[in-house]
Amino acid sequence: MAIPMIGFGFMDNLVMIQAGDYIDQTIGVMCCMSTLTAAAFGQIFSDISGVLSGGVVEAMAARISIPRANLTAEQHRLRAVKLAGTLGAVVGVITGCLLGMVSLLFMDLEKSERLKKQRELRTLYNTLMEEGHQLIGAQHCALFLVSDDGMLTSMGWKGKSPTQSELLRTFSEYDADDSGTVDSLQLYHSLRKLGWTAELADVEQMIKENGMDPHGQLTFDEFSRLMTSAILADEVRLNIRVGGSRHWVLTSGKVLNIQNVETDTRISDESRARYKLRGYDVMSLLLAPVVDQDGQVIGLVELVNKEVISQQGDLDDQTIRRRNSEYGFCKDDEKLLQMLCAHCAIFLKHLNS
């Protein structure tokens, strides 16, 4: 009895874990389903697979050619024999289930929780980040949260896409050999300079997802499409560079207002070079910390390029936006950003509770 039950236990637990995990990461995320509910649905698929594959498991057990006890009918009715058969079946099921649980060692057990949290965070990003740059008057606005492993995570760099001239300048930065094209390795090194944690395989996968050859050369048009996709990506993970503007805000817990990136002494030459590699001109910065109820800095909001609306004539179509690098963000902008950060902290508190 023990040998067939090992197969049944292994298949039952393996299918339940894999099916439950898949349901938890897909339907569970979309429908806000609990992990326990997803596991219950996974058990349904496990039971179905057990019914459909019962004969296969028994046939495989028979091929092992384990010696049979050849007990008589009278011996089968003995209490000791029945107890031994039941005990063997229990031990077999437990052994099979434990073997099926080995797959847990190779799975990302926190992925579904991250996806569910990201879905909740999407409301925060869409409401505050996409409208934040319009409220304060900035070209770009982004929320960065400090992850458990000390990385900065963000669901995107929301705002306007880089202009053609900005992309052309950035392309020239990547095209170190002036060949008119760049490859995945050049792009990889450039992204690493930006602090991205992506490996070369991740960059090649990103190129492939955009319908390009990861092992070929990227023209300017392909590069522009790829950079726009990368800059406006749904989620990025960045290293916190010691001495950088974000590191200063996270460690000091204070607002940082950079009116002119080119002349401010708090911005190093390395930081200026990194800003130029972002795919657009960075002129002014405004950063503020997101602080939880315990006084811990859990993230920051970053605004880039103060935009001033000016009007030429009386017609609305003559209204233009200009990026003011001379004055940058004002004190009122700082107060508005601190208010946004306070709302972010309240939202995150309710989300975590």
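Data block above holds the structure.
Note that the structure is a prediction, hence the values are computed from the model and not measured.

Asker: I tried to follow the state of the cysteines on my own but got confused; where do I start?
Answerer: When the sulfur atoms of two cysteines share a covalent bond, that bond is a disulfide. Here the structure, examined in full by the defined rule, presents zero disulfides. The cysteine Cys 344 is free of any disulfide, with Cys 341 supplying the nearest cysteine sulfur at 5.9 Å. Using a relative accessible area of 0% as the deciding quantity, one classes Cys 344 as buried.

Asker: Please clarify how the pairing of strand S6 (residues 285–291) should be interpreted in this entry.
Answerer: Along S6, six of the seven residues are buried, which leaves the element largely enclosed by surrounding structure. Bridge count for strand S5 (residues 256–258) against S6 is three bridges, and the pairing is antiparallel. Residue pairing across strands places Leu 256 opposite Leu 287, the latter belonging to S6.

Asker: Any chance you could explain a nonpolar patch on the surface here in plain terms?
Answerer: A cluster of nonpolar side chains, contributed by Phe 41, Ile 44, Phe 45, Ile 48, Val 51 and Leu 52, occupies part of the molecular surface with about 640 Å² of accessible area. Relative to the elements of secondary structure, Phe 45 occurs in helix H3 (residues 35–52).

Asker: Help me understand the environment of Val 102 in this model?
Answerer: Its place among the elements puts Val 102 in the loop between helix H6 (79–100) and helix H7 (111–136). Judged by its relative accessible area of 38%, Val 102 falls in the partly exposed class. Residues Val 102 and Leu 14, spaced 88 residues apart in sequence, show a C-alpha to C-alpha distance of 8.6 Å.

Asker: Please explain the pattern of salt bridges as it appears in this structure.
Answerer: Charged atoms that come close allow side chains of opposite charge to pair. This structure, assessed with the given rule, holds three salt bridges. A salt bridge links Asp 333 to Lys 306; the nearest nitrogen and oxygen atoms lie 3.2 Å apart. Here the residue Asp 333 occupies a position in helix H14 (residues 331–352), and Lys 306 occupies one in strand S7 (residues 297–311), the gap between them amounting to 27 residues. The class for Asp 333 is buried, based on a relative accessible area of 5%. With relative accessibility at 13%, the residue Lys 306 sits in the buried group. Of the charged contacts, one joins Glu 334 and Lys 331 as a salt bridge, the two residues approaching to 3.9 Å between their closest N and O atoms. Separated by three residues within a single helix, Glu 334 and Lys 331 lie in helix H14, roughly one turn from each other.

Asker: Quick question: what am I supposed to make of unusual backbone geometry here?
Answerer: Residues other than glycine predominantly adopt negative phi, and peptide bonds predominantly adopt the trans conformation. Although it is not a glycine, Asn 305 sits at a positive phi angle of roughly 65°. As for its position among the elements, Asn 305 is in strand S7. The buried category is assigned to Asn 305, whose relative accessible area is 0%.

Each value, and the rule that gives it
Residue indices follow the written sequence of each chain, beginning from 1 at its first position. Residues qualify for local features only when their pLDDT is at least 70, as the model is predicted, and side-chain atom pairs are given and counted only at 80 or more; totals for whole chains, interfaces and linings, by contrast, use all residues. For side-chain calculations, the full set of non-hydrogen atoms in the structure is used, while hydrogens and water are omitted. Defined by distance alone, a disulfide is two cysteine sulfur atoms within 2.5 Å. Exposure categories follow from relative accessible area, calculated using a 1.4 Å probe and restricted to protein chains: below 20% of the type maximum is buried, above 50% is exposed, and the middle band is partly exposed. Under the scheme used here, helices are H or I runs from DSSP no shorter than 4 residues and strands are E runs no shorter than 2 residues, and both carry numbers assigned from the N terminus. Strand pairing is assigned whenever DSSP detects at least two bridges linking the two strands. Like-charged residues within 9 Å of one another, or nonpolar side chains (Val, Leu, Ile, Met, Phe, Trp, Tyr) within 5 Å, are grouped into patches, provided each residue has over 30% relative accessible area and no salt bridge. Throughout, the Shrake-Rupley method with a 1.4 Å probe supplies accessible areas, and for residues the shown protein chains are the sole cover considered. Here, a salt bridge means any Lys or Arg side-chain nitrogen found within 4 Å of an Asp or Glu carboxyl oxygen.

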